[in-house]
Amino acid sequence: EVQLVESGGGLVQPGGSLRLSCAASGFTFSSYWMNWVRQAPGKRLEWVATIKQDGSEKYYVDSVMGRFIISRDNARNSLFLQMNSLRAEDTAVYYCARGPDYQLPNNWFDSWGQGTLVTVSS
Amino acid sequence: DIVMTQSPDSLAVSLGERATINCKSSQTVLYSSNNHNYLAWYQQKPGQPPKLLIYWASTRESGIPDRFSGSGSGTDFTLTISSLQAEDVAVYYCQQYYSTSYTFGQGTKLEIK
């Protein structure tokens, strides 16, 4: 069974940093694109970042470009999101989501974690 | 970015009746070289993460009941629930993956009439 478990969320002041982690199990992690998707309270889903199987390609939504960094450790079956210069508008539940196992960078999300809440407030 | 717009924003349907949700993209999500529409549908119940229902606009994810179906091409798509069950109450989202800046619709809230 595919399992994705996020951790690392919490309350942080504007301008601060946070590192999210996602522990994956139940599938060959190194074969899949991986993603972060967020959802602000009462809002639509918003894709945040994507990383290719070997980490050679990364994509970001414009609003986090230069502030967030997606990475992965295939030996530890883990996905990460380093979030810097956080803003109030980054407040959301952050989901780890699995993409496809092919080579094209066109991802739908077939498995999701339960999410971790990030609150940016003073 | 490709803007995804769903209609209606909310919908109330009687048990056993058909529910239809529409999704329109601001530009085509049909890749002509492979004739695939880069469009997915998700179901999200309160307090839960989204669940994939449909990808490639009409391919049902494994384990999804066949009362869920997807149709459409180019810029106009539809999710149909053929016979509404109580457990189908949720918010439904479409998502395009034609562009690597993936975008979602605003969601359609489905309730029982």
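Right, let's walk through the structure included here.

Another aspect to go through is the pairing of strand 3 (residues 18-25) of chain A. Residues and elements named next belong to chain A. The alternating pattern of strand 3 places L18, L20, C22 and A24 on a buried face and R19, S21, A23 and S25 on a face that is not buried. Examined bridge by bridge, strand 1 (residues 3-7) and strand 3 share five bridges and lie antiparallel to one another. Counted as the bridge partner of Q3 is S25 from strand 3. In the sheet, strand 3 pairs with strand 8 (residues 78-83) via six bridges, with the strands oriented antiparallel. Bridging from a neighbouring strand, L18 pairs with M83 of strand 8.

Here the structure, examined in full by the defined rule, presents two disulfides over all chains. Shown here is the disulfide that connects C22 of chain A with C96 of chain A, its sulfur atoms set 2.1 Å apart. Its S-S torsion of about -70 degrees marks the bond between C22 of chain A and C96 of chain A as left-handed, since a negative value means left-handed. A residue pair is termed long-range when its members are at least 10 positions apart, and C22 of chain A in strand 3 and C96 of chain A in strand 9 (residues 92-98) qualify at 74 residues. The same class applies to C22 of chain A and to C96 of chain A, which are both buried. Paired by a disulfide, C23 of chain B and C94 of chain B hold their sulfur atoms 2.1 Å apart. Residues C23 of chain B and C94 of chain B are joined through a disulfide that is right-handed, its torsion about the S-S bond being 75 degrees. Here C23 of chain B, found in strand 3 (residues 19-25), pairs with C94 of chain B, found in strand 11 (residues 90-96); they are 71 residues apart in sequence, far enough to count as distant. In this pair, the class of C23 of chain B matches that of C94 of chain B, namely buried.

So, about the nonpolar core. In terms of nonpolar packing, the biggest core is built from 46 residues, with W36, L81 and Y94 of chain A touching the most fellow members. When neighbours within four sequence positions are excluded, Y94 of chain A is seen to be in contact with E6, L20, W36, V37, R38, V48, F68, L81, M83, G115, T116 and V118 of chain A. Formed by 23 residues, the second largest nonpolar core is a distinct cluster that contains L39, A57, F77 and Y92 of chain B.

This next bit is on the sheet that holds strand 10 (residues 76-81) of chain B. All names here are of chain B. Ordered by their spatial adjacency, four strands build an open sheet running 1-3-10-9, and the pairing between neighbours is antiparallel. The open sheet has two edge strands, strand 1 (4-7) and strand 9 (68-73), and neither has a second partner. Strand-to-strand twist of the sheet, defined as the mean angle between neighbouring strand axes without regard to direction, takes the value 20 degrees. With four bridges joining them, strand 1 and strand 3 adopt antiparallel strand pairing. Its bridge partner lying in strand 3, M4 is registered against S25.

This part takes up the sheet that holds strand 8 of chain A. Residues and elements named next belong to chain A. In space, the four strands of this open sheet follow the order 1-3-8-7, with antiparallel pairing throughout. In the strand order of this sheet, the two ends are held by strand 1 and strand 7 (68-73), each with one partner. Averaged over all adjacent pairs, the angle separating strand axes in this sheet is 15 degrees, with direction ignored.

Definitions and limits used
- Numbering of residues starts from 1 in each chain and follows the order in which that chain's sequence is written.
- To label them, take the chains in the order written and letter them from A, then take the ligands in the order written and number them from 1.
- Note on the predicted model: pLDDT of at least 70 is required for a residue's local features to be given, and 80 or more for side-chain atom pairs to be given and counted; whole-chain, interface and lining totals, by contrast, use all residues.
- For the side-chain quantities, the full set of heavy atoms in the structure was used; hydrogens and water were omitted.
- Relative accessible area decides the class of each residue, using a 1.4 Å probe on protein chains only: under 20% of the type maximum gives buried, over 50% gives exposed, and in between gives partly exposed.
- Helix numbers and strand numbers start at the N terminus; a helix is a DSSP run of H or I with at least 4 residues, a strand a run of E with at least 2.
- Strands were regarded as paired on the criterion that DSSP finds at least two bridges between them.
- Counting rule for disulfides: a pair of cysteine sulfur atoms within 2.5 Å.
- We define the nonpolar core as a collection of buried residues of types Ala, Val, Leu, Ile, Met, Phe, Trp, Tyr and Cys that are connected through side-chain atoms lying within 4.5 Å of one another.
- Working rule for contacts: check all heavy atoms of both residues, and any pair within 4.5 Å makes them a contact.
- Under this scheme, a helix contributes an axis fitted over its contacting stretch, all axes are lines through C-alpha atoms, and angles between N-to-C directions fall in the 0 to 180 degree range.

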